[in-house]
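The primary structure of each chain is shown beneath.
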Amino acid sequence: MKTLIKALLCPLMLLTLWPAASADDDWRSLHGDVQAGRLVSLGSVLDWLEQHYVGNVIEVELDRDDGRVYYEIEMVGPQGQVVEFEFDAATGELVGIEGVNINGMKR
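Keep in mind that what you see is a predicted model, and the values were worked out from it rather than measured.

Reading the values: rules and limits
- Residues numbered from 1 in each chain as written.
- Predicted model: local features only at pLDDT ≥ 70, side-chain atom pairs only at ≥ 80, totals over all residues.
- Heavy atoms only, no water.
- Phe/Tyr/Trp six-rings, centres within 6.5 Å; stacked < 30°, edge-to-face > 60°.
- Pairing = 2+ DSSP bridges.
- Helix = DSSP H or I, 4+ residues; strand = E, 2+ residues; numbered from the N terminus.
- pLDDT = per-residue confidence, 0-100.

### Some remarks on the packing of aromatic side chains
Applying the stated criterion across every chain, the model contains three aromatic pairs. Taking 6.2 Å as the distance between ring centres and 45° as the angle between the ring planes, the aromatic pair formed by Trp48 and Tyr53 counts as tilted. An aromatic cluster of at least three residues, connected via ring pairs, comprises Trp48, Tyr53, Phe85 and Phe87.

This is how it looks when you write it as structure tokens:
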């Protein structure tokens, strides 16, 4: 069931990641990058998080910085802690974690 929910929500979440002014062009570009393998899918990043950390996703952003693309995902943990995970969208590698009591969220 979780996989079905992710499959339905991931495209919707990606639509909210870009400003409305050029949403159509940006969406097509992002979708094309994922389809061509230049970016990993948001679903695969969320699957990795679910396997390694306990919590609920509360926000997802896509950020471009110095020509690189990052997924920034905020989760709330079982003790109410909010932790932000940053992934390189090209490789899917976790490149940063910020928050309090991160170890309390590890599986």
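### Some points on the pairing of strand S2 (residues 68-76)
Pairing analysis gives nine bridges linking strand S1 (residues 56-65) to S2, with the strands arranged antiparallel. Within S2, the residue paired with Glu61 across the bridge is Glu72. Once S1 ends, the chain turns through two residues before running back antiparallel as S2, passing Asp66 with a positive phi of about 55°. As defined by bridge partners, S2 adjoins strand S3 (residues 82-88) across seven bridges and the pair is classed as antiparallel. Looking at the pairing, Val76 lines up with Val82 of S3. Between the end of S2 and the start of S3, which pair antiparallel, lie five residues, with Gly80 showing a positive phi angle near 85°.

### Describing the confidence of the model for the protein
Summary statistics for the protein give a mean pLDDT of 85 and a share of 78% for residues scoring 70 or more. Per-residue pLDDT, averaged within each element of the protein, yields its smallest value for helix H1 (residues 2-15) (49) and its largest for S3 (98).

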